Amino acid sequence: MGLLTEGINEVIATTDCNAAPMGIINRSGSLHMVLFRGSHTARNIARDRSVVANFIFDPVLYVRTAFDDLPDEDFVREEIDGRTIYRLRDVEAWAAFAADVERSSDEAIIFRLIPFHEEVLGLRLHPVNRGFSSIVDATVHATRYVRNRDPWLGRLIEHHSGLARKCGGPREWEALELLHQYIDDRTGE
């Protein structure tokens, strides 16, 4: 399976009409995901024993899926080798994985992933954009910040917000505005 590179690959993971930004860890060809216990995505992956990595480069979608559910029409149902999986409609590529719990703690579940299908629908060149990367980082920090309001996470969000403003374009700025709305709505700040 050639879509994942060494390190942590940021994707939009989908399960049964559920989408969330996730990192797939690729270390020497061994694939894993670490999910917080109690999330919809963790429950769905444990139940269905599969997950789909959607390769899409829309910063607004990363923010939306971190905090909200997408409408059912944003998903495509696929039958692959007798398995029903759900992917996002507007992706450049996607890969489906079998998922087994490798380790579990009170806070997190580590899933081992085994690829069983991938499809490239239409790749585009994506030059490195620090604004897009900063939206992804700010979103990761924000999902934790709204739970515990750690001031250090707040500073990281502001740091990445500044980079998104400086290095991003209109879509990153829209994503940033949306991210701050979600933070304000969930923290009352």
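Owing to the predicted nature of the structure, the values given are computational and were not obtained by experimental measurement. (Residues numbered from 1 in each chain as written. Predicted model: local features only at pLDDT ≥ 70, side-chain atom pairs only at ≥ 80, totals over all residues. Heavy atoms only, no water.)

What about the side chain of E172?
For step 1, the next point in the chain: Of note, E172 is situated in helix α5 (residues 170-187).
For step 2, the next point in the chain: No salt bridge is formed by the buried E172; the nearest opposite charge belongs to R171, separated by 7.8 Å.
For step 3, the next point in the chain: Residues within four places of E172 in sequence aside, it is in contact with P59, N129, G131, F132 and I135. (Helix = DSSP H or I, 4+ residues; strand = E, 2+ residues; numbered from the N terminus. Buried < 20%, exposed > 50% of the residue type's maximum accessible area, 1.4 Å probe, protein only. Lys, Arg positive; Asp, Glu negative; His and termini not counted. Salt bridge = Lys/Arg side-chain N within 4 Å of Asp/Glu carboxyl O. Contact = heavy atoms within 4.5 Å.)

Concerning the packing of aromatic side chains
For step 1, the next point in the chain: Counted according to the given criterion, the structure contains three aromatic pairs.
For step 2, the next point in the chain: Look at Y62 and F132: their rings are 5.6 Å apart centre to centre, the planes differ by 90 degrees, and that puts the pair in the edge-to-face class. Residue Y62 is found in helix α2 (residues 59-67), and its partner F132 is found in helix α3 (residues 130-148); the two are separated by 70 residues along the sequence.
For step 3, the next point in the chain: These aromatic residues form a ring-pair network of at least three members: F57, Y62 and F132.
For step 4, the next point in the chain: The lysine or arginine in question, R83, covers the ring of F116, its NZ or CZ lying 4.4 Å from the ring centre.
For step 5, the next point in the chain: Taking NZ or CZ as reference, R147 lies 5.0 Å from the ring centre of F36, over its face. (Phe/Tyr/Trp six-rings, centres within 6.5 Å; stacked < 30°, edge-to-face > 60°. Lys NZ or Arg CZ within 6 Å of the ring centre and 35° of its normal.)

Here we look at unusual backbone geometry
For step 1, the next point in the chain: The phi dihedral of R49 is positive, around 60 degrees, even though this residue is not glycine.
For step 2, the next point in the chain: Along the polypeptide, R49 turns up in the loop between α1 (40-48) and β4 (50-55).
For step 3, the next point in the chain: Given the relative accessible area of 48%, R49 is considered partly exposed.
For step 4, the next point in the chain: Positive phi outside glycine occurs at D81, with the angle close to 50 degrees.
For step 5, the next point in the chain: Within the fold, D81 resides in the loop between β5 (75-80) and β6 (83-88).

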